[in-house]
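Chain residues, written in single-letter form:
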Amino acid sequence: MTSTRTRTGTGTGTRTRTRPTPGRILAWALMTVALVATLFPFYWMVRTALTPAADLYSDSTGPLPQHPTMINFWRVLGLTSQEEARAAGGSGAQVDFLRYLLNSVVYSGLIAFLQTLFCAMAGYAFARLRFPGRDAVFGVLIAALMVPPIFTVLPNFVLVKNLGWLNTFAGMVAPSVLMTPFAVFFLRQFFLSIPREVEEAAVLDGVGAWGVFWRVVMPMSRGPLLTIGLTTAVWAWKDYLWPLLTGREEETRVLTVALGIFQQQSPNTQPDWTGLMAGSTLSVLPVLVILILLGRRLVESLNFTGIK
Amino acid sequence: MGASTAIASPRQRGGSRTGKGASPGRPRRARDDRRAAWLFLAPALAGFALFYAYPTARGVYYSLTDYSLLNDPHFTGTENYRQLIGDDQFWNALKVTGYYVVLNIGSQMILALGLATLMHRLTRSVALRAMLLVPWLVPNVTVGLLWMWMLDANLGLVNHLLGAFGVGPTGFLTSPTWAMPTVAGINAWAYTGYTALLLYAGMLQIPRHLYESASLDGAGEWRMFTRITLPLLRPVLALVLVVSLIGSFQIFDTIAVTTKGGPVGATRVIYFYIYEQAFTYFHMGYASAVAVILALLLGVLTAVQMRLLRASRSDLA
Amino acid sequence: MRILHRRAAAALLCLAATSTFVSCGSSDEGSGGTTLDYWLWDDKQLPAYQECADAFHKANPDITVKITQTAWAQYWQNLTTQLTSGDAPDVWTNQSSYYPQFATSNQLLDLQPLIERDKVDLSAYQDGLADVWAKDGKRYGLPKDWDTMALVYNTTMLEKQGLKKAELDKLTWNPSDGGTLERAIARSTLDTKGRNGLDPDFDRKHIKVYGFLPEWADGSQGQNGWGDLAAANGFRYLDKNPWGTHYKYDDPKLAETIAWFKHLIDKGYAPRFDKQSTVANSELLSAGKGAIMVTGSWTISTFTDPKVKEKLAFAPLPVGPAGRKSAINGLADSVWAGTKHQEQSWKWVKYLGSADCQNRVAAHAVVFPALKSATRKALAAHEAKGHDVGVFTDVTAAKETFPLPVTEHGTEINPLVQDAVQSVVLGQATPQKALKDANDKVNALFK
């Protein structure tokens, strides 16, 4: 698939002449509906997070909370005492979403960075280096695509457990950092498309394979590397089952797992909805930051990957 | 179109011929990078061996044992598979998973196609696309909790609004009839924007002049959609469909936080069933057998995906 | 082969780890002192046991107890997951239908030798509580509390319908016409126009207050409703208890009971199962959306909480064809066989079962402690607060209780029977068929 940005004149230019017809108005109306349907639930999440738990029965459906409060945020961030938290509708369990947020960043950052690096190395080897059995090895590696995650989750869990790596970041990221077949495949395709001349010039200057890769090819490939890295980070950010199995403990608990556990620590009578929505809001905030900083990159990265 | 010649810019990717390394790999002079290559490949190969090949073998082995995670495995032959055939919970899990996939993929693909077409014909706004992408960026756990709250029969906003129209409260996640469509809908909400963006990317590759000349010929939007967009989008559509299917079969997170397989097993999908068997009932061997079946099923789909992945590049270039 | 892989992976990942500052290898033990992980599910009891933990720490400064509360619905799932990780809590609150699975998979420490060594007097506990935890000369838990069942109702609403306490204390029930219990339920059900369930114009489609709030997520025992009434109808769960091997869920007496519950829903007296929300029945009752429900003694404080605006009171369960029957259930604390701190864990369990801790718990008036002396203190604490909770202790005095089944495969039986019961109240299956099918599956587990 091809990026649009390199082409000019296909975009906005031709559209300036289109006049608002009933059809176009309808189309924009539909688009607006889609946008509202996409974004409104997030508003509702924040609105609930700002509602005192005691008001849930009397005040759960108005457009704005009658008595807005930040208490739910403070208590999921672990800034209140157990008594205050319990009085505000929680179970009084110790939670510290700041820490979980950080754990999530470490978890997805590690996976995104290392996986991209190692897959780039492998992809480059398959694209450029000559060695016996290359295509066969590549084929075998790509065949790993056929193994669905659920199938490896169970034995990998046993493996990590036997290694004594449960509740360590090492154990949590181990199965994903070294490689993932799709990234190897994708990056190999990209490296194949780079003109060879640049590298050959470097080789003539006496630079070794590692030097060429590191100093010539990597800098040229910032775009696709960022693409792979970003999508990997997003998937890792959303991971639930694997970190649930391998990293439940406080020290390694990521946001998704923390939310699941927080839901379970609700009082037995009813889920602590205001606290849950506050925690959920916190899990969305970093996404917004990424979107604001890297929105264009991320959106355009879907132009050529997204196939995972 | 024509991207295969435009490989001058590093930003311009794709479009290259894949082949089996035929053209790109032809040596100009005999060279052997054996040593460097193995170094480059070491991490990936180690990852493959340790976390793909070895566990695959282990998984198959576990499926032939009575392994419980607490006690050592004993070889029991095909006992687990024999048990599986008579296990109506397993068949139910397959059935509800299929039901979910149909509902989820059906609604998601149609909505995404519509949304992509709207974007394609209306605007190139990056901000708009970024906003549509937000639900995909949010963890499924968050999405599940959010909708569980919005759909609550007593305090949820949706039932409140329905009540205003005289519709009585609906237990969206507690009624066996509604639970699965609701879960499928929740995930369609989360993934439609993302899927739409993928399709949109495919649409961008359709040459613009085709629409312009069709427009001059007096073709309406619907005609352009059916005559130009759909046929030319087919390879991308097929690829996105297969990828979504594979993802859809592995539904777990949303169910783990909302219905937990209930009510009365209405949402006990195969992935959740495997999880329960392995970690609640200590039937690791049996869970592995179910996983083998799921793997075979998904293996077929993945094979299709790989074919399409290769095909899509040549088709579109 | 396996070791080689392990080493290779370890080496590789530590390599990766050093470059990114991730700690590698085993977890570090804090300097001096032991931290014990202790699990319970009831958030209402958390403050009481936190107090015990603090007192325990004061007496044993080198041991800290970290309490984790997880709601009932997920407690066992979490526990099994942790057990499979080899990372279970050192001590946890155990329940009689769940513990056999852990005992047979060697996850529980045999406390018998320790009890004998430290001369713990088991006769100080309420009669029968300790027996549930023994099998083949081994003992897997030390009693901590016990509970029985009763009705809780909204006094204001029932009085308005002319139902007085004297009547409510003598309710009868049978599966064919529901006895005076059904009449009370019918009278306290109100439609949106304020007509009660006996009114000929009663609109069962638009209900404002449900007369009865049944619990359907009630596992294989129906402790919070159907189990008690089925027992009052003469139903017995299994051939012998504890450690029976043949269940009798296909007993027509149980089918009749479930059918009666279904009938309540059809009449509009009870909310439909498929319209349930995440809000628990106790909340609905406290919010005035229901009139009567079955509840356990561990929930007393939920209803006596001064924050509850409705006026609520307790009444004994109705008398059925086989008399009045309340489930009695005792919880115990168990030590994980894999704990690294066996001696400290036992010390904590012993303390939890001691008069010192149990009296503290009693003072919180949230649950009846297992020690006879502490039970009396808890009753006194309730009375001091002006709450009449005698109905829960009366049933034990009158020997109107029955113990919940204790057998192998409890964890697997739970969803089988619960699904069957739910499918009946949803109208998906007849009680006879659903329960027969479930019973066959249950008994197949014992083969």
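Positions within a chain are numbered from 1, following the residues in the order the chain's sequence is written. To read the labels, note that chains go from A and ligands from 1, taken in the order they are written. It should be noted that, the model being predicted, local features are given only for residues of pLDDT at least 70 and side-chain atom pairs only at 80 or more, the latter also being counted only at that level, while totals for whole chains, interfaces and linings use all residues. Excluding hydrogens and water, the side-chain values take into account all heavy atoms of the structure.

Some points on the overall build of chain A
By definition, any uninterrupted DSSP run of H or I lasting at least four residues is a helix, any uninterrupted run of E lasting at least two residues is a strand, and each is numbered from the N terminus. On a plain count of helices and strands, chain A comes out with 14 helices and zero strands. Reading chain A from its N terminus to its C terminus gives the helix and strand order α-α-α-α-α-α-α-α-α-α-α-α-α-α. Radius of gyration: over C-alpha atoms. The globule rule applied is 2.2 Å multiplied by the number of residues raised to the 0.38 power. A globule of 308 residues ought to have a C-alpha radius of gyration of about 19 Å, yet chain A, at 24 Å, is considerably larger. Reported as C-alpha extents along the three principal axes, the dimensions of chain A are approximately 75 × 65 × 35 Å. When each of the 308 residues of chain A is scored for burial, the buried share is 63%. The buried label applies to any residue whose accessible area, calculated with a 1.4 Å probe on protein chains only, is under 20% of its type's maximum; exposed applies above 50%, and partly exposed to all values in between.

Details of the sheet that holds strand β10 (residues 290-296) of chain C
The pairing criterion is simple: DSSP has to find at least two bridges between the two strands. Across the sheet, five strands lie side by side as β8-β9-β10-β7-β11 (chain C); this open sheet has mixed pairing. Either end of the sheet is taken by a strand with one partner, and the two such strands are β8 (190-191) and β11 (312-315) of chain C.

Some points on the interface of chain C and chain A
With 36 residues of chain C at the contact, the number on the chain A side is 29 residues. Salt bridges are counted wherever a side-chain nitrogen of Lys or Arg sits within 4 Å of a carboxyl oxygen of Asp or Glu. Where chain C meets chain A, there are zero salt bridges. Pairing of N or O atoms within 3.5 Å defines a polar contact, subject to two protein rules: one partner must be a possible hydrogen donor and the other a possible acceptor, and residues neighboring in sequence count only if both atoms are side-chain atoms. Between the two partners, chain C and chain A, sit five residue pairs in polar contact (both at pLDDT 80 or more). Per element, the largest residue contribution to the side of chain C that touches chain A is seven residues, and it comes from helix α1 (residues 2-20) of chain C. Its residues assigned to classes, the side of chain C that touches chain A shows 14 nonpolar, 15 polar and seven charged. Pairs of residues are marked as contacts when any of their non-hydrogen atoms sit within 4.5 Å. Three residue categories are used. Nonpolar comprises Ala, Val, Leu, Ile, Met, Phe, Trp, Tyr, Cys and Pro, charged comprises Asp, Glu, Lys and Arg, and polar comprises the others, including Gly.

Examining the pattern of salt bridges
Evaluated as defined, the whole model comprises 26 salt bridges over all chains. Among the ionic pairs, B:E79 bridges to B:R82, the shortest N-O distance being 4.0 Å. Taken together, the residues span about one helical turn, with B:E79 and B:R82 both in helix α2 (residues 79-85) at a distance of three residues. Put simply, C:R117, C:D118, C:E343 and C:K350 are held in one network by salt bridges that share partners.

Structural notes on unusual backbone geometry
Cis rather than trans, the peptide bond between C:N241 and C:P242 has omega equal to -5°. Backbone geometry places B:V264, a non-glycine residue, at a positive phi of 50°. Structurally, B:V264 is set in the loop between α10 (253-257) and α11 (270-279). If you check the backbone angles, B:F282 has positive phi at about 60° while not being a glycine.

A short note on helix α6 (residues 149-162) of chain A
Residues and elements named next belong to chain A. Multiply 1.5 Å by the residue count of a helix minus one, and that product is the helix's expected span. The end-to-end C-alpha separation of α6 is 19 Å, in line with the 20 Å expected for 14 residues at 1.5 Å each. The angle between axes fitted to the seven-residue stretch ending at a residue and the seven-residue stretch beginning at it gives the bend at that residue. In α6, a bend of some 30° at P155 exceeds every other bend along the element. For α6, the buried fraction is high: eleven of the 14 residues fall into the buried class. Along α6, the residues classified as buried are I150, F151, T152, V153, L154, P155, N156, F157, V158, L159 and V160.

Notes on the environment of C:W243
Residue and element names in this part refer to chain C. Relative to the elements of secondary structure, W243 occurs in the loop between α9 (226-232) and α10 (252-267). A relative accessible area of 15% means that W243 is categorised as buried. In this structure the C-alpha to C-alpha distance between W243 and V406, which are 163 residues apart in sequence, comes to 5.8 Å. Sequence-distant contacts of W243, defined by excluding residues within four places in its chain, comprise Y99, P100, A134, K135, V406, T407 and E408.

Let's talk about the domain arrangement of chain A
All names here are of chain A. On domain assignment, one finds that chain A holds domain 1 (20-94 + 266-291) and domain 2 (97-251). Just the C-alpha atoms count here: the centres of domain 1 and domain 2 sit 35 Å apart. At the interface, nine residues of domain 1 touch six residues of domain 2. For the domain 1 and domain 2 pair, buried surface summed over both sides reaches about 540 Å², with 73% attributable to carbon and sulfur atoms. The quantity reported as buried area is the accessible area (1.4 Å probe) lost by two parts once they are put together, taken as the sum for both. Sorting the residues of domain 1 by area buried against domain 2 places V76, L77 and P286 first, and these three jointly supply 47% of that buried surface. The interface formed by domain 1 and domain 2 holds zero salt bridges in total. Taken together, domain 1 and domain 2 are joined by one residue pair in polar contact (both at pLDDT 80 or more). Split by residue class, the side of domain 1 that touches domain 2 holds six nonpolar, three polar and no charged. Bear in mind that the domain bounds are from an automatic or database domain assignment.

Some remarks on the side chain of B:T117
Residues and elements named next belong to chain B. Here T117 is to be found in helix α3 (residues 88-122). For T117, a relative accessible area of 16% gives the class buried. Polar side-chain contacts of T117 include one of 2.6 Å to the backbone oxygen of L113.

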